[in-house]
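An overview of the molecular structure
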Amino acid sequence: MNFCTKNIVIGVTGSIAAYKTPELVRLLKAKGVNVKVVMTQDAKQFITELTLQAVSGSPVHSQLLDPTTEASMSHITLAKWADLIVIAPATANVIAKLNVGIADDLLSTLYLASAAPTALVPAMNQQMWRHIATQQNVQQLAQRGVVFWGPDEGLQACGDDGPGRMIEPSQIMEKITSHFAPKLLQGKKIVITAGPTRERLDPVRYISNFSSGKMGYALAQSARDLGAQVVLISGPTQLKPPGNVKTIAVESASEMHRAVFEHLPDCDVFIGCAAVADFRAKEIATQKIKKGMLTDLKLEKNIDILQEIGKRQDKPFLVGFAAESENLIENAKAKLLQKNLDMVVANDISEDDSGFNSDFNCVSVITATKQMDFELMPKRDLSEALMQLIYQQLQK
Ligand code: C5P
């Protein structure tokens, strides 16, 4: 997602979470976004203007009527300049002020003077967040279209445990990316499988593989950002379910198969990204199998979910993954035909820096008429590129 034409005002208010804001500004600048930082007086107790000026590459605004900053950019010009206002951290105080329309400093005045969409990233003590006054302010602002990102739950700087922690800068970046993504896949339902499957042998053992689920989860996020309705059917992973994605946790290939077919009606695109175990135990032992008996293990083949969908008259646009350690392209092309796919994403799992468990992947995408070779790139960027390709194919 190319952000560089976007203008974002980052508001900072007085919370200990303000120490995370320079990282957010740094991430935005790395994407090429134009960032202007506006601080309240209390924010300066937690983080210096100099730090935010250094990471944003431009003077920080904090005075409503400061002749120097007003001369370079008045608060009204700043309000009109913004494509998005993000206040991170947003205290209970600023939330209350914005709700009633108090304009007693630059940030609150800017909010009133701007027609830009506004996102608040709350950070406060759990009791302050839970207080009916704060909750009513949040509700009323949300009804007027202000969006809230977070808060997270967990241990707080004051020692309390509960909701009120500011979400991480990387998560705020995700939300901003999603905000600006063109909604190319609006109205499309996309079902994605991800992660490994686990095939139980007995109460303590199972057959599985090293799939982390990272590629499938990244695809789910990208599809969601493009406006699709996403169902993510995931084997066991360490990953957090992505927001605004219906995530269904399964364990075995049979459970995954069942969940997929349950969600197949009205599906426009199916992406089989899971590393589904090829075999399962013919019988799952109810007691732990004795060491010596393990060699007698009887296996049977799992259903090939992708192939099953490929046989259907009403099949959705079908994308498969081919994780291969040799003859990558030939094997992937064979899979395209054999499983009746519209697209196959081939990745060489013999490379250490890509594929299973890595944050990076290096793939070739093959359709009936084309082969596109991608360079090694982060799975999140690759997933965006793949979703764009799928969108283009859907236009044909
Ligand atoms: O044949 P192979 O297992 O290499 O094919 C990989 C592709 O098929 C992946 O897209 C995977 O998600 C899908 N698959 C499946 N069900 C299986 C095995 C693989 O959907 N039982």
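Anything mentioned here points back to the structure above.
Residues numbered from 1 in each chain as written. Predicted model: local features only at pLDDT ≥ 70, side-chain atom pairs only at ≥ 80, totals over all residues. Heavy atoms only, no water.

Looking at the overall build of the protein
- The helix and strand inventory of the protein stands at 14 helices and 21 strands.
- If you line up the protein on its principal axes, its C-alpha atoms span 80 × 50 × 40 Å.
- Burial analysis of the protein (396 residues in total) assigns 51% to the buried set.
- For the protein, the centre of its 41 positive side-chain charges and the centre of its 42 negative side-chain charges are spaced 3 Å apart. (Helix = DSSP H or I, 4+ residues; strand = E, 2+ residues; numbered from the N terminus. Buried < 20%, exposed > 50% of the residue type's maximum accessible area, 1.4 Å probe, protein only. Lys, Arg positive; Asp, Glu negative; His and termini not counted. Charge placed at Lys NZ, Arg CZ, Asp CG, Glu CD.)

A word on the nonpolar core
- In terms of nonpolar packing, the biggest core is built from 33 residues, with Ile190, Ile192, Leu219, Ile271 and Met387 touching the most fellow members.
- Taken together, the elements giving at least two residues each to this core come down to strand E8 (189-194), helix H10 (214-225), strand E11 (229-234), strand E13 (269-272), strand E16 (317-324), strand E17 (343-348), strand E19 (363-366) and helix H14 (379-394).
- Look past the residues within four positions of Ile271 in its chain and what remains in contact with it is Ile190, Val191, Ile192, Thr193, Leu219, Val319, Phe321, Met387 and Ile390.
- Core analysis: the next-biggest nonpolar cluster, separate from the first, contains 30 residues, Ala17, Ala18, Val33 and Ala43 among them. (Core = buried A, V, L, I, M, F, W, Y, C linked by side-chain atoms within 4.5 Å. Contact = heavy atoms within 4.5 Å.)

As for the sheet that holds strand E2 (residues 34-39)
- Overall, parallel pairing links the 5 strands, which are arranged E2-E1-E3-E4-E5 in an open sheet. Two strands in the sheet have a free side with no partner beyond their single neighbour: E2 and strand E5 (147-148).
- The pairing of strand E1 (residues 7-12) with strand E3 (residues 84-90) spans 4 bridges and is classified as parallel. Paired with Gly11 across the bridge in E3 is Ile87.
- Lying on the sheet, helix H2 (residues 49-56) is in contact with E1 and E2; it crosses E2 at an angle near 170 degrees.
- Lying on the sheet, helix H9 (residues 169-180) is in contact with E1, E3 and strand E4 (118-122); it crosses E3 at an angle near 160 degrees. (Pairing = 2+ DSSP bridges. Axes fitted to C-alpha atoms, helices over the stretch in contact; angles between N-to-C directions.)

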